Amino acid sequence: MRRPLVAGNWKMHGTRASVDELVQGLLKLEVVPGVDVAVLPVALHIERVISAIESVQVLVGAQNCSVEAQQGAFTGEISAAQLADSQCRMVLVGHSERRQLFQEDDHVISRKFYAAQSYGLTPVLCVGETLEQREAGKTLEVIADQLGNVIRELGIGAFAQAVIAYEPVWAIGTGLTATPEQAQAVHAAIRDQLSSEDGQIGSSIRLLYGGSVKAANAAELFEMPDIDGALVGGASLNADEFGAIIRAAGRK
Ligand code: 13P
């Protein structure tokens, strides 16, 4: 059985005070057995969050890392080695905001994926189609390409220790969620693609859905057989709302 994972992508939100308040809210949540929980603050707040929730079963991850795995003369970058040194456990790669706003292509994303794994961080590879691509009937083709390019560069074996998040771009921050059936269709295609290369990896990898997930729609998404959790943006900034999503995952 795949263990559900609910991860909160805090994006570029938070001050020290608001992050402390959010963490206090997380500390009050009941632990839901059988569910992994992660939060991904801005890099500046990672150590602060880790030291506050050290004793609790919440993993802390980063939203990005450099293509350069080690230290070096790369002004403004943060390496996977440094994230691992700060006790970070996972890192997002290929989020659509990075693809669209920072021109990250599949090669850059593969390098980041590789850098993360080199230092024991679990990469969470994000894939997703734009509204235009969906309306043109290209959703599965776009996702297969985004995934296929990483498989080609790194080999299927790289997915033995990785998570994939399907985040339709049109559903991110818009309040529009993919229906459970739409999300399931893409998740099943992702799993099939991985399984055709390696059956064990295909059946064991966790596939998260992301895009306007909230307490009100989480349960129906988690009912789908190939949805193993969620990557939550806006709703993860509210501890009670995030807690309700975690509880919904616990009923999976
Ligand atoms: P929202 O939940 O705010 O739509 O964001 C989703 C997302 O991009 C998580 O990575």
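Everything quoted here is computed from the prediction, not taken from an experiment. (Residues numbered from 1 in each chain as written. Predicted model: local features only at pLDDT ≥ 70, side-chain atom pairs only at ≥ 80, totals over all residues. Heavy atoms only, no water.)

Chemist: Tell me about the nonpolar core, and please be specific about residues and values.
Modeler: One finds F159 and I190 to be the most contacted residues of the largest nonpolar core, which totals 68 residues. Top contributing element to this core by residue count: helix α11 (residues 239–250), with six residues. Excluding residues within four positions of it along the chain, I190 makes contact with V127, I143, L147, I164, Y166 and L207. (Core = buried A, V, L, I, M, F, W, Y, C linked by side-chain atoms within 4.5 Å. Buried < 20%, exposed > 50% of the residue type's maximum accessible area, 1.4 Å probe, protein only. Helix = DSSP H or I, 4+ residues; strand = E, 2+ residues; numbered from the N terminus. Contact = heavy atoms within 4.5 Å.)

Chemist: Describe the packing of aromatic side chains, with residues and values.
Modeler: How two aromatic rings sit relative to each other is given by the distance of their centres and the angle of their planes. Inspection of the entire model under this criterion finds two aromatic pairs. Ring geometry for F113 and F159: centres 5.1 Å apart, planes at 50°, overall tilted. Of this pair, F113 sits in helix α5 (residues 106–118) while F159 is found in the loop between α7 (139–154) and β6 (163–166), placing the two residues 46 residues apart along the sequence. Judged by its relative accessible area of 0%, F113 is buried. The side chain of R98 reaches across the aromatic face of F102, ending 4.1 Å from its centre. (Phe/Tyr/Trp six-rings, centres within 6.5 Å; stacked < 30°, edge-to-face > 60°. Lys NZ or Arg CZ within 6 Å of the ring centre and 35° of its normal.)

Chemist: Help me get a handle on the UniProt feature "active site" (unreviewed entry) in the chain, residues and values and all.
Modeler: Under the local residue numbering, the UniProt record ascribes the feature "active site" (unreviewed entry) to H95 and E167. Spatial clustering of the annotated residues is evident: they stretch over 73 residues in sequence, but the largest pairwise C-alpha distance comes to 8.3 Å. One can find H95 in the loop between β4 (90–93) and α4 (96–101). A relative accessible area of 4% means that H95 is categorised as buried. The contact partners of H95, leaving out residues within four places of it in the chain, are N9, K11, C126, E167 and I172. On the secondary structure map, E167 appears in the loop between β6 and α8 (180–197). On the accessibility criterion, E167 (6% relative accessible area) is buried. Excluding residues that lie within four positions of it along the chain, E167 makes contacts with H95, C126, V127, G128, E129, I172, G210, G211 and L231. (UniProt positions renumbered as here; feature names shortened; annotations may be inferred.)

Chemist: Describe the packing of α5 against α7, listing the residues and the values that go with them.
Modeler: Put simply, α5 and α7 touch, their axes get as near as 9 Å, and they point 55° apart. On the basis of the axis angle, α5 is oblique to α7. Crossing of α5 against α7: the hand is right-handed. On α7, the residues touching D106, H107, S110, F113 and Y114 of α5 are D145, Q146, N149, V150, E153 and L154. Class assignment of the residues belonging to the contact of α5 with α7 gives a composition of four nonpolar, four polar and three charged. (Axes fitted to C-alpha atoms, helices over the stretch in contact; angles between N-to-C directions. Parallel < 35°, antiparallel > 145°, perpendicular 65-115°, else oblique. Left-handed = near helix turned anticlockwise from the far one by under 90°. Nonpolar A, V, L, I, M, F, W, Y, C, P; charged D, E, K, R; others polar.)

Chemist: Lay out the site of the ligand with the relevant residues and their values.
Modeler: Around the ligand, the neighbouring residues are N9, K11, H95, E167, A171, I172, G173, G211, S212, L231, G233 and G234. Note that an oxygen atom of the ligand is positioned 2.8 Å from one of the side-chain N or O atoms of K11. One of the backbone nitrogen or oxygen atoms of G234 is found 2.8 Å away from an oxygen atom of the ligand. Protein chains bury 95% of the 310 Å² of accessible surface belonging to the ligand in isolation. (Near = heavy atom within 4 Å. Polar contact = N/O pair within 3.5 Å; in protein donor to acceptor, adjacent residues only side chain to side chain. Areas by Shrake-Rupley, 256 points an atom, 1.4 Å probe, with all protein chains shown as cover.)

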